[in-house]
Amino acid sequence: MNPRRWLTETRTNLLCGSSSQIAAAMILALSAVATSTVVTTGCSVSLDDLPTDSGGEECTENAHCASNSCEDGYCVSSGTELETVLLEITPSSGTPEIAGVRFTSVLDSLFAGNQRDIELGYVTRVHGVVRGRAISTEKCLAQTSADALEAPLDDSLPARVTWVPRERLLGLVNPVHTVLTRLVQGSYVLDANVPPGKYDTYVEPLPVSEGCIRPPLLVLDPEIESGDLALTLKLDAPDVLDVHVRWPQKDDVLQGWSLDLIERDAGRVLSNRAQLGAPTNTDAGLEYAVKLVSYGQPDTARRVSEIVRFSPPDDAVAPVIYVERSVVELFQDNYGIIDQLTELPAPVRFEGRVTQKNGTTPAPGTVKLMALELSALNPGTIAEFSRTATTGEDGVFSADVLPGKYRVIAEPSDPAFSQAEIEVTVTQGEGTQAGRVIEVPERARVRGFISGFWAGSYSGVVVQARSTVGSKSLSILDLARGLAPRIPRASSGATNSDGAFSVGLDPGTFDVLVQPNPSEGLAWTVRRAVTVTDGDVDLGAVENAEPYSVSGTLTSSNVRSVPSALIRAYAYLKDGVLTADPSEATSVIQVGETRSDSDSRFRLLLPTRIE
């Protein structure tokens with residue numbers, strides 16, 4: 001007999017019987033467990049009213065539930081410690097105008113009531129044009145692209161326009177909205193559906209035949225308000241920046257390198273990409289001259305921080321050099337000198353082997369080397385250099401690198417083994433450096449089993465682990481310094497018929513999410529910040545309690561009914577602890593998921609607590 005059913009029957013007898021019946025019920029119930037015979041005492045509740053083995057505890061009245069609360073045939077909790085949750089809502093592909101647009105909504109004061117209708121904000125219909133001011137002859141760099149488009153009959157421009165939300169979403173993927181203009185009766189126009197909010201607007205003009213090069217434009221923080229919007233994006237004539245690259249040697253090794261301007265934060269390109277040509281001989285060495293075109297800074301509260309990027313050809317074993325634009329423009333506006341690169345060291349062949357820990361058995365996979373320091377560069381010069389190598393079946397890898405200090409991350413292809421990270425120093429002067437062994441350990445297992453409030457089958461419940469490594473945005477210079485965090489790999493699995501689960505993980509810290517199907521009347525169970533080191537982790541019993549139910553209707557200001565929308569719920573955390581105040585949150589963690597039905601109604605089951 002199912003133990004959960006036995007406990008329910010016993011509780012029913014205790015609720016309905018007299019003191020003598022209670023004692024008899026306890027004895028008979030214990031006997032029933034041994035003989036699998038159903039027993040009852042005199043009570044108005046029949047066994048037909050009791051929960052069946054179909055998922056969450058079913059009920060027909062409040063007395064059937066430990067929480068004394070029955071809703072829609074399932075037992076639910078009367079409260080939850082989740083005072084505030086963030087909802088991420090994505091309408092289905094069958095919903096016109098707003099299909100695939102991601103919305104967010106905050107539900108607060110959950111303890112005040114669980115009936116919450118949600119109306120999605122109006123998605124703004126943007127209809128507009130990108131226009132460009134005429135460029136004078138002295139500021140015109142001739143367009144040489146082989147992919148040039150047909151020239152318009154007016155001053156409109158073909159372009160790719162991207163709106164990047166400024167909304168702070170604490171690690172959630174924040175989708176951008178991109179649209180290409182189209183040629184209509186001689187003019188290039190754009191049409192897009194964009195949710196209201198603050199955005200960075202990034203405009204990338206596309207080449208036209210017999211035209212001048214127009215660089216991308218980045219405008220920070222313009223707000224798109226709710227309602228239909230007629231938008232005109234005006235591009236002025238760009239500024240011309242004369243850049244001279246000085247190389248204190250007579251060998252012409254920089255020909256084929258390229259220069260461009262990029263944004264410091266996200267690395268978005270802000271100019272054309274100009275390639276170095278033939279140099280001029282000077283008493284101090286060689287000098288290369290190129291012209292970049294870019295836009296002046298708009299007069300706004302937030303200004304774009306610009307970096308000059310100096311890049312080698314793709315096949316060269318050389319670093320990418322980054323220089324602040326303010327440093328390059330040493331003498332006067334729109335004239336700059338780059339002389340930070342004074343030497344290109346000879347490449348070194350670095351060889352190694354990836355093996356299983358405490359043995360010599362190879363562990364094939366990939367190896368990434370990211371430079372933390374490069375020996376030949378001047379102090380203070382920011383450079384980026386990395387190489388990725390694939391091992392052979394024998395675990396051996398090789399890569400041509402530059403002298404310096406490296407982070408080396410080995411990622412075996414066999415999921416039974418974990419990533420491993422070491423630091424190595426590659427010295428100058430040796431043509432080949434070999435013999436370094438990277439040992440990868442077996443992946444640890446996180447084990448546990450479901451217990452508590454569960455009347456149905458334990459089999460096939462999804463269990464997922466997610467790394468808690470923060471998704472803090474790193475600037476392009478942070479990434480160049482090799483500061484990107486290693487993301488430990490997580491896996492998912494499913495419970496067996498006894499409710500037991502086991503998932504393999506790399507060393508790190510993870511949130512473990514037990515995700516029963518919401519149609520079974522069950523909420524997720526969330527176990528926070530499980531630390532995995534070298535050994536297995538036993539979570540023991542992962543209790544599934546009666547869920548807290550939030551119900552309502554999902555509508556849209558654009559189309560009203562929103563059926564089959566995906567709804568994900570996230571709890572706010574401040575340094576790993578629940579918080580009800582979104583403004584002080586440092587991260588979020590998913591705690592539930594559901595869909596609206598064909599009538600646009602939804603029922604979201606939330607855990608009563610997070611462990």
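Model, not experiment: these values are computed from the prediction.

1. Focus: the overall build of the protein chain
Phase 1 of the analysis: Summing up its helical and strand segments, the protein chain has four helices and 43 strands in all.
Phase 2 of the analysis: Sequence-distant contacts, at least 24 apart, represent 69% of the contacts inside the protein chain between residues at least 6 apart.
Phase 3 of the analysis: Total accessible area on the protein chain stands at roughly 28200 Å², and carbon and sulfur atoms take up 48% of it.

2. Remarks on unusual backbone geometry
Phase 1 of the analysis: Here the phi dihedral of Asn358 falls at roughly 60°; this positive angle occurs in a residue that is not glycine.
Phase 2 of the analysis: Position of Asn358 relative to the elements: it lies in the loop between strand E23 (348-356) and strand E24 (365-374).
Phase 3 of the analysis: The phi torsion at Asp575 lies on the positive side, around 55°, for a residue other than glycine.
Phase 4 of the analysis: Along the chain, Asp575 turns up in the loop between strand E40 (566-574) and strand E41 (577-578).
Phase 5 of the analysis: Judged by relative accessible area, Asp575 falls into the exposed class, the value being 62%.

3. Points about the sheet that holds strand E27 (residues 396-401)
Backbone-to-backbone hydrogen bonds pair the strands of a sheet. The strands run either parallel or antiparallel.
Phase 1 of the analysis: In spatial order, the strands read E27-E23-E30; together these three strands make up an open sheet with mixed pairing. Here the strands that pair on one side only, and so sit at the sheet edges, are E27 and strand E30 (432-440). On average, each strand axis in the sheet is tilted by 25° relative to the strand beside it, whichever way the strands run.
Phase 2 of the analysis: Across six bridges, E23 lies against E27 in antiparallel orientation. Bridged to Phe350 within E27 is Ala399.

4. What about the state of the cysteines?
Phase 1 of the analysis: Evaluated as defined, the whole model comprises three disulfides.
Phase 2 of the analysis: Between the sulfur atoms of Cys140 and its disulfide mate Cys212 the distance is 2.0 Å. With the S-S dihedral at roughly -100°, the linkage between Cys140 and Cys212 falls on the left-handed side. Pair noted here: Cys140 is in the loop between strand E6 (124-132) and strand E7 (159-165) and Cys212 is in the loop between strand E11 (197-205) and strand E12 (217-219), with a separation of 72 residues, a long-range link.
Phase 3 of the analysis: Residue Cys140 is classed as partly exposed on the basis of its relative accessible area, which comes to 27%.

5. Here we look at the packing of aromatic side chains
Phase 1 of the analysis: Under the counting rule described, the total for this entry stands at three aromatic pairs.
Phase 2 of the analysis: With a centroid separation of 6.5 Å and 70° between ring planes, the pair formed by Phe385 and Tyr406 is classed as edge-to-face. Taken together, the residues span a long stretch of sequence, with Phe385 in the loop between strand E25 (382-384) and strand E26 (386-390) and Tyr406 in strand E28 (residues 404-412) at a distance of 21 residues.
Phase 3 of the analysis: Assessed through its relative accessible area of 3%, Phe385 is described here as buried.

6. Here's the deal with the pattern of salt bridges
Phase 1 of the analysis: Throughout the structure, instances matching the rule amount to 31 salt bridges.
Phase 2 of the analysis: Close ionic contact of Arg125 with Glu97 constitutes a salt bridge, the shortest N to O distance being 2.1 Å. In this pair, Arg125 is assigned in strand E6 and Glu97 in the loop between strand E3 (85-90) and strand E4 (103-107), connecting sequence segments 28 residues apart.
Phase 3 of the analysis: Asp260 is the salt-bridge partner of Arg309, the closest N and O atoms lying 2.8 Å from each other. Taken together, the residues span a long stretch of sequence, with Arg309 in strand E20 (residues 306-311) and Asp260 in strand E16 (residues 258-263) at a distance of 49 residues.

7. Considerations on the sheet that holds E25
Phase 1 of the analysis: The antiparallel open sheet is built from five strands, whose spatial order is E17-E16-E20-E21-E25. Single-partner strands in this sheet number two, and they are strand E17 (274-275) and E25.
Phase 2 of the analysis: Pairing of strand E21 (residues 320-324) with E25, which is carried by three bridges, proceeds in the antiparallel orientation. The residue of E25 that forms the bridge with Ile321 is Ala383.

8. Concerning the side chain of Glu88
Phase 1 of the analysis: You can see Glu88 is positioned in strand E3.
Phase 2 of the analysis: Within polar-contact distance, the side chain of Glu88 engages the side chain of Tyr570 at 3.1 Å.
Phase 3 of the analysis: Those residues within four positions of Glu88 in sequence are excluded, and the remaining contacts are Arg102, Phe103, Leu172, Val173, Leu566, Ile567, Arg568 and Tyr570.

9. Brief notes about the environment of Phe310
Phase 1 of the analysis: Summarising the element assignment, Phe310 is placed in strand E20.
Phase 2 of the analysis: Take Phe310: its relative accessible area is 1%, and that puts it in the buried class.
Phase 3 of the analysis: In this structure the C-alpha to C-alpha distance between Phe310 and Asp260, which are 50 residues apart in sequence, comes to 7.0 Å.

About the thresholds
- Residues numbered from 1 in each chain as written.
- Predicted model: local features only at pLDDT ≥ 70, side-chain atom pairs only at ≥ 80, totals over all residues.
- Heavy atoms only, no water.
- Helix = DSSP H or I, 4+ residues; strand = E, 2+ residues; numbered from the N terminus.
- Contact = heavy atoms within 4.5 Å.
- Areas by Shrake-Rupley, 256 points an atom, 1.4 Å probe, with all protein chains shown as cover.
- Buried < 20%, exposed > 50% of the residue type's maximum accessible area, 1.4 Å probe, protein only.
- Pairing = 2+ DSSP bridges.
- Axes fitted to C-alpha atoms, helices over the stretch in contact; angles between N-to-C directions.
- Disulfide = S-S within 2.5 Å.
- Phe/Tyr/Trp six-rings, centres within 6.5 Å; stacked < 30°, edge-to-face > 60°.
- Salt bridge = Lys/Arg side-chain N within 4 Å of Asp/Glu carboxyl O.
- Polar contact = N/O pair within 3.5 Å; in protein donor to acceptor, adjacent residues only side chain to side chain.

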